[in-house]
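Next come the chains, spelled out residue by residue.
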Amino acid sequence: MERKHLLYEERGAVALVTIHRPDKLNAINREMFFELRDQFAEIDARDGVRAAILTGSGEKAFAAGADIAELATLSPVEARELSALGQSVMEGMARLGKPLIAAVNGYALGGGLELALCCHFRIASDNARMGLPEVSLGVIPGYAGTQRLPRLVGPGRALEMIAGGDPIDAQEALRCGLVNRVVSREELLPTCLAIAERIALRGPIAVRFALEAVQRGLDGGLEEGARLEQALFGLLWSTDDMREGCGAFLEKRRPQFKGR
Ligand code: COA
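What you see is a predicted model, and the numbers here were worked out from it, not measured in a lab. Residue indices begin from 1 for each chain and proceed along its sequence in written order. Since the coordinates come from a predicted model, pLDDT governs what is reported: local features require at least 70, and pairs of side-chain atoms require 80 or more to be given and counted, while whole-chain, interface and lining totals use all residues. Remark: hydrogens and water are excluded; side-chain values derive from all non-hydrogen atoms of the structure.

### Some remarks on the sheet that holds strand E4 (residues 61-63)
To keep things clear, this is the line we draw: For two strands to pair, DSSP has to find at least two bridges joining them. Segments assigned H or I by DSSP are reported as helices when at least four residues long, segments assigned E as strands when at least two residues long, and all are numbered from the N terminus. In what follows, a contact means two residues having at least one pair of non-hydrogen atoms within 4.5 Å. Geometry is summarised by axes, namely lines fitted to C-alpha atoms with helices restricted to the contacting stretch, and by angles between N-to-C directions that run from 0 to 180 degrees.
Pairing is mixed across the open sheet formed by 4 strands, whose spatial order is E4-E6-E8-E9. Pairing within the sheet leaves two strands with one partner each, and these edge strands are E4 and strand E9 (168-169). The strands that helix H4 (residues 111-118) touches are E4, strand E6 (107-109) and strand E8 (129-131); relative to E6, the one it contacts most, it runs at about 95°.

Below you can see the structure in the form of structure tokens.
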């Protein structure tokens, strides 16, 4: 389905979603949230898709934040509703049952960084700049950036970024664990595709359960997370994929997972 602010393609088992509002550095408006919600619901439902990549259109930006022109017109109640909408769309993306990689190809500021933060992990190009500059507009992050950033880089580093509002460059993002790797602009998509393609070869149910165990474990305590891990571990013994994976190892061949 055609969307106004998103481009979509599939490369084998990998879905590639591109935020496409290049004249506004891919700034995120309300309409785009509905498109993101529908797009990722479709990806979740597509059996043939086993991993996804989110990136931005053009050479300059992943997404330069929430659309400030739209923000400026909101009433307090509308601002709260937009925050709730953005949070629920990003939470849905974070709960995607397939690994979602952010290919950060330039500015990822404000809502743009929050979008990268709700992906499962991030790879950046060397020109990327990432930050939560909301305080310089007199507001705070509204799409759970105050929650996801400290969980990833620790409260001290996150507070410096959130209260200071200044962006950091790709190397600094690598040092503090905000991104997993930094590559050249040319290598960004090939690197993300190679990572996604390797994940796509693994048992899809096992990958989905691994995402769930890690994320729910981080939401709750270690004991609760470990109990969930036990339950998901045991449940995998009911799958054909588990028998295929172990059987293939013992027969010294590559497994063919079917997601069943
Ligand atoms: N919301 C709405 N429009 C935005 C935007 C945003 N967050 N970020 C960029 N744009 C628009 C600009 O208004 C400009 O539109 P115009 O050509 O119609 O005037 C266009 O995108 C290009 O941006 P411009 O500022 O000219 O590019 P630049 O290279 O000089 O600067 C940035 C790039 C990212 C440093 C700058 O655009 C910026 O600071 N953006 C806002 C970042 C921000 O505060 N985000 C958090 C929002 S909560």
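### Observations concerning the nonpolar core
Using the following cut-off: Take the buried Ala, Val, Leu, Ile, Met, Phe, Trp, Tyr and Cys residues and link them wherever side-chain atoms come within 4.5 Å; each set so joined is a nonpolar core. For the exposure calls, accessible area comes from a 1.4 Å probe over protein chains only, and a residue counts as buried if that area is under 20% of its type's maximum, exposed if over 50%, partly exposed in between.
With 50 residues, the main nonpolar core has Leu54, Phe62, Leu115, Met130 and Leu178 as its most contacted residues. With 6 residues, helix H3 (residues 76-94) is the largest single contributor of residues to this core.

### Some points on the domain arrangement of the protein chain
Convention followed: Residue ranges labeled as domains rest on an automatic or database domain assignment. When two components associate, each loses some accessible surface as probed by a 1.4 Å sphere; the sum of these losses over both components is called the buried area. The salt bridge criterion pairs a side-chain nitrogen of Lys or Arg with a carboxyl oxygen of Asp or Glu, the two atoms within 4 Å. Pairs of N or O atoms are called polar contacts if they sit within 3.5 Å, as long as, within protein, a hydrogen donor faces a hydrogen acceptor (for residues adjacent in sequence, only side-chain-to-side-chain pairs).
For the protein chain, the assigned domains read domain 1 (6-200) and domain 2 (204-251). Taken together, the 9 residues of domain 1 in the interface contact 7 residues of domain 2. Between domain 1 and domain 2, the buried area comes to about 670 Å², and carbon and sulfur atoms account for 54% of it. Run the count over domain 1 and domain 2 and you get 1 salt bridge. Note that Arg95 is salt-bridged to Asp219, the shortest N-O span being 2.6 Å. If you look at where domain 1 meets domain 2, you find 2 residue pairs in polar contact (both at pLDDT 80 or more).

### Observations regarding the state of the cysteines
What counts, and what does not: Disulfide assignment relies on a single distance test, namely cysteine sulfur atoms paired within 2.5 Å.
Inspection of every chain in the model, using the stated rule, returns 0 disulfides. Of all cysteine sulfurs in the structure, the one in Cys119 sits closest to Cys176, which takes part in no disulfide; the separation is 16 Å. The buried category is assigned to Cys176, whose relative accessible area is 15%. Cys192 takes part in no disulfide bond, and the closest cysteine sulfur, belonging to Cys119, lies 10 Å away.

### Digging into the pairing of strand E3 (residues 51-56)
To be explicit about the condition: Convention used here: a crossover is right-handed provided that the path from the first strand, over the helix, to the second strand proceeds clockwise when the strands point away from the viewer.
Taken across its 6 residues, E3 has 6 buried, putting it largely inside the fold. Assessed by its sense of winding, the connection that carries the chain from strand E2 (residues 14-19) through helix H1 (residues 30-45) to E3 is right-handed. The sheet contact formed by E3 and strand E5 (residues 100-104) spans 3 bridges and is parallel. Residue Ala52 lies in a different strand from E5, and its bridge partner there is Leu100.

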